[in-house]
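Below, each chain spelled out in residue letters.
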Amino acid sequence: MYKVGLTLGKFAPLHQGHQFMLETALAQVDHLIVIIYACDELPLVRLAERVHWLQALYPQIEVLPAPDGPKETGYTAAIMRAQENYILQILAGRKVTHFFSSEPYGEHVSKALGAIDVRVDMPRQIVPISATRIRQDWNLAQQYLNPIVYQSLVQKIVLLGAPSAGKTTLAQALAEALQTEWMEEYGRTYWEQHQQDRRLQSEELLLIAQTHLQLEDQAALKAKRYLICDTNAFTTWHFAHYYHGFALPELTQLAEQGWQRYAQVWVCDIDFPYADTWERSGETNQREFQAFILQQLKERQIPYRMVSGSVEERVRTVLSQLPADRLLSC
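It should be emphasised that the depicted structure is a prediction, and the values quoted were computed from it without experimental measurement.

## Details of the overall build of the protein
Stage number 1. Helix and strand counts for the protein stand at 14 helices and 10 strands.
Stage number 2. Dimensions of the protein, computed from C-alpha atoms along their principal axes, come out at roughly 75 × 40 × 35 Å.
Stage number 3. Looking at the 330 residues of the protein, the share that counts as buried comes to 49%.
Stage number 4. For the protein, long-range pairs separated by at least 24 residues make up 72% of all intrachain contacts whose partners lie at least 6 apart in sequence.
Stage number 5. The centroid of the 30 positive side-chain charges in the protein is displaced by 6 Å from the centroid of its 37 negative side-chain charges.

Quick look at the structure:
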């Protein structure tokens, strides 16, 4: 008999306990379907992102997003009937032979499906964790989340601004205050090592943007809750236009798509004394760069905040706009 398994949940976030259930199910059936519900408890992570986790880790699983699923939970007759009817609607007549869960609802859902009721680690003894505990205590995240999941939950905060606007200084200070990691501007490091006549070629700028994104992802695995990013692909795109009057299409694509990576965008004001070091082009260029950045952000309707004042004042400003150290915070 061809065995079709079903399980469901919010996977908010997907953790090792979920993975144990999924892998148990995969070992027992020929095909596994997962229904994934919307989740008000994890507003910072979209349903599409949670679907991506499952598909990335288990490409053999069939994932059915359920953005309009019933939100009421419990064991009254009305709630159970609503849940059962919705699951049957999603399946659209498809036969399920096994229903996997770690909750008491396994009994009534499996009966409605005419499926075998398979409970997996209900007392949470094999993997002693729950999504609720992780949402309430970020310190559990690195221990119980796959790197793909953990990395996407780290909120990236990007600092933009003209040269000598204090981005690097602020990035270091914020990382210290938050006890987390910061991502240095890879383009600056590359420029210092490879520039010719104070310029880089178009292909080099694309390489910078690609490498910076890869290094960001690596740094996110070490970060705690937040990753502070000193510039992004937009900055590299900006320099491409400054050097050559155009950017390669691949670089433009990275710059445009990159905005989705960042939870917050901060622009450092140019109220710092200008540091006229050898790699910079003067105060006039600084003002022109700053004006260009602000113009581009407004044209693209990218939400951003300005930060001014001393380093201490800037740190206080940014920290005041961060949510509490809980995954369920908005």
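Having seen it, we continue.
## A word on the sheet that holds strand β4 (residues 98-101)
Stage number 1. Taken together, the 5 strands give an open sheet; going across it, the order is β3-β2-β1-β4-β5, and neighbouring strands pair in parallel fashion. Bordering the open sheet on either side are β3 (62-66) and β5 (116-119), each of which pairs with just one other strand. Across the sheet, the mean angle separating the axes of adjacent strands is 25 degrees when strand polarity is ignored.
Stage number 2. With 5 bridges joining them, strand β2 (residues 31-37) and β3 adopt parallel strand pairing.

## A word on the pairing of strand β9 (residues 262-268)
Stage number 1. Across the 7 residues of β9, 6 count as buried, placing the element largely inside the fold.
Stage number 2. Summarising the sheet, strand β6 (residues 155-160) and β9 pair through 5 bridges and their orientation is parallel. Paired with Lys-156 across the bridge in β9 is Tyr-262.
Stage number 3. When β9 meets strand β10 (residues 305-307), the two strands line up parallel, connected through 3 bridges. Looking at β10, one finds that Val-267 is bridged to Met-306.

## Observations concerning the confidence of the model for the protein
Stage number 1. Considering every residue of the protein, the mean pLDDT works out to 91; 94% of them sit at 70 or more.
Stage number 2. Per-residue pLDDT, averaged within each element of the protein, yields its smallest value for helix α13 (residues 283-299) (88) and its largest for β4 (98).
Stage number 3. Below a pLDDT of 50 lies the segment residues 325-330, which in the model reaches 25 contacts outside its immediate sequence neighbourhood of four places, other chains included.

## Side note on the packing of helix α10 (residues 202-220) against helix α11 (residues 233-244)
Stage number 1. With their axes 9 Å apart at the nearest point, α10 and α11 run at an angle of 170 degrees to one another. One element, α10, and the other, α11, form an angle in the roughly antiparallel class. Where α10 approaches α11, its residues Ser-202, Leu-205, Ile-208 and Ala-209 are matched on the opposing element by Ala-233, Thr-236, Phe-239, Ala-240, Tyr-243 and His-244.

## Considering the pattern of salt bridges
Stage number 1. Counting across every chain of the model gives 9 salt bridges.
Stage number 2. The shortest N-O distance in the salt bridge between Arg-188 and Glu-192 comes to 3.6 Å. Of this pair, Arg-188 and Glu-192 both sit in helix α9 (residues 186-194), 4 residues apart, which is roughly one turn of that helix.
Stage number 3. Between Asp-271 and Arg-314 there is a salt bridge, with the nearest N and O atoms lying 2.6 Å from each other.

## A short note on the side chain of Thr-235
Stage number 1. Structurally, Thr-235 is set in helix α11.
Stage number 2. Residues within four places of Thr-235 in sequence aside, it is in contact with Leu-160 and Glu-185.

## Observations concerning the pairing of β2
Stage number 1. Among the 7 residues of β2, 6 are classified as buried, and the element is accordingly described as predominantly covered.
Stage number 2. Where strand β1 (residues 4-9) meets β2, 6 bridges bridge the pair, whose relative direction is parallel. When the bridges of β2 are listed, Leu-6 appears paired with Ile-33.
Stage number 3. Remark: the β1/helix α1 (residues 16-28)/β2 crossover connection has right-handed handedness.

## So, the packing of α11 against helix α12 (residues 249-257)
Stage number 1. Put simply, α11 and α12 touch, their axes get as near as 8 Å, and they point 145 degrees apart. In the packing of α11 onto α12, the handedness of the crossing is left-handed. Of the residues in α12, those in contact with Ala-233, Phe-234, Thr-236, Trp-237 and Ala-240 of α11 are Leu-251, Thr-252, Leu-254 and Ala-255.
Stage number 2. In terms of residue class, the contact of α11 with α12 is made up of 7 nonpolar, 2 polar and no charged.

## Re the packing of aromatic side chains
Stage number 1. Applying the stated rule across the entire model yields 12 aromatic pairs.
Stage number 2. With a centroid separation of 6.0 Å and 35 degrees between ring planes, the pair formed by Tyr-37 and Tyr-86 is classed as tilted. Here Tyr-86 lies in helix α3 (residues 77-91) and Tyr-37 lies in strand β2, a separation of 49 residues in the sequence.
Stage number 3. On the basis of relative accessibility, which here comes to 7%, the residue Tyr-86 falls in the buried class.
Stage number 4. Between the aromatic rings of Tyr-242 and Tyr-243, the centroid separation amounts to 5.8 Å while the plane-to-plane angle is 50 degrees, which identifies the pairing as tilted.
Stage number 5. Classification of Tyr-243 as buried rests on a relative accessible area of 11%.
Stage number 6. Three or more aromatic residues joined by ring pairs make a cluster, and in this case those are Phe-234, Trp-237, Trp-259 and Phe-292.
Stage number 7. Lying across the ring of Trp-138, Arg-225 places its NZ or CZ 5.6 Å from the centre.

Rules behind the numbers
All chains use their own residue numbering, which begins from 1 and follows the written sequence. At least 70 in pLDDT is required for a residue's local features to be given in this predicted model, at least 80 for side-chain atom pairs to be given and counted, and no such filter applies to totals for whole chains, interfaces and linings, which use all residues. Only hydrogens and water are removed before side-chain values are computed, so all heavy atoms of the structure are retained for them. For the purposes of this entry, the term helix denotes a DSSP run of H or I that reaches at least four residues, the term strand denotes a run of E that reaches at least two, and both are numbered from the N terminus. Under the scheme applied here, a residue whose accessible area is under 20% of the maximum for its type counts as buried, over 50% as exposed, and between as partly exposed, the area being computed with a 1.4 Å probe on protein chains only. It only takes one pair of heavy atoms within 4.5 Å for two residues to be counted as in contact. We count Lys and Arg on the positive side and Asp and Glu on the negative side, and we leave His and both chain ends out. The atom standing in for a charge is NZ when the residue is Lys, CZ when it is Arg, CG when it is Asp and CD when it is Glu. Strands pair, by our definition, only if DSSP identifies at least two bridges between them. To get an axis, a line is fitted to the C-alpha atoms, and for a helix only the part in contact is used. The angle between two axes follows their N-to-C directions and goes from 0 to 180 degrees. A residue's pLDDT is simply how confident the predictor is in it, with values from 0 to 100. Reported orientations rely on four angle classes, namely roughly parallel under 35 degrees, roughly antiparallel over 145, roughly perpendicular from 65 to 115, and oblique for the rest. By definition here, a salt bridge exists when the distance from a side-chain nitrogen of Lys or Arg to a carboxyl oxygen of Asp or Glu is within 4 Å. A clockwise course of the path from the first strand over the helix to the second, judged with the strands pointing away from the viewer, identifies a crossover as right-handed. Crossings are sorted by hand: turned counterclockwise from the far helix by less than a right angle, the near helix makes the crossing left-handed, and turned clockwise it makes it right-handed. Note on residue classes: Ala, Val, Leu, Ile, Met, Phe, Trp, Tyr, Cys and Pro are nonpolar, Asp, Glu, Lys and Arg are charged, and everything else, Gly too, is polar. The pairing test for Phe, Tyr and Trp rings, Trp by its six-membered ring, is centres within 6.5 Å, and the orientation test on the planes gives stacked under 30 degrees, edge-to-face over 60, and tilted for anything in between. Comment: the charge-over-ring label is applied if NZ (Lys) or CZ (Arg) is within 6 Å of the ring centre and within 35 degrees of the ring normal.

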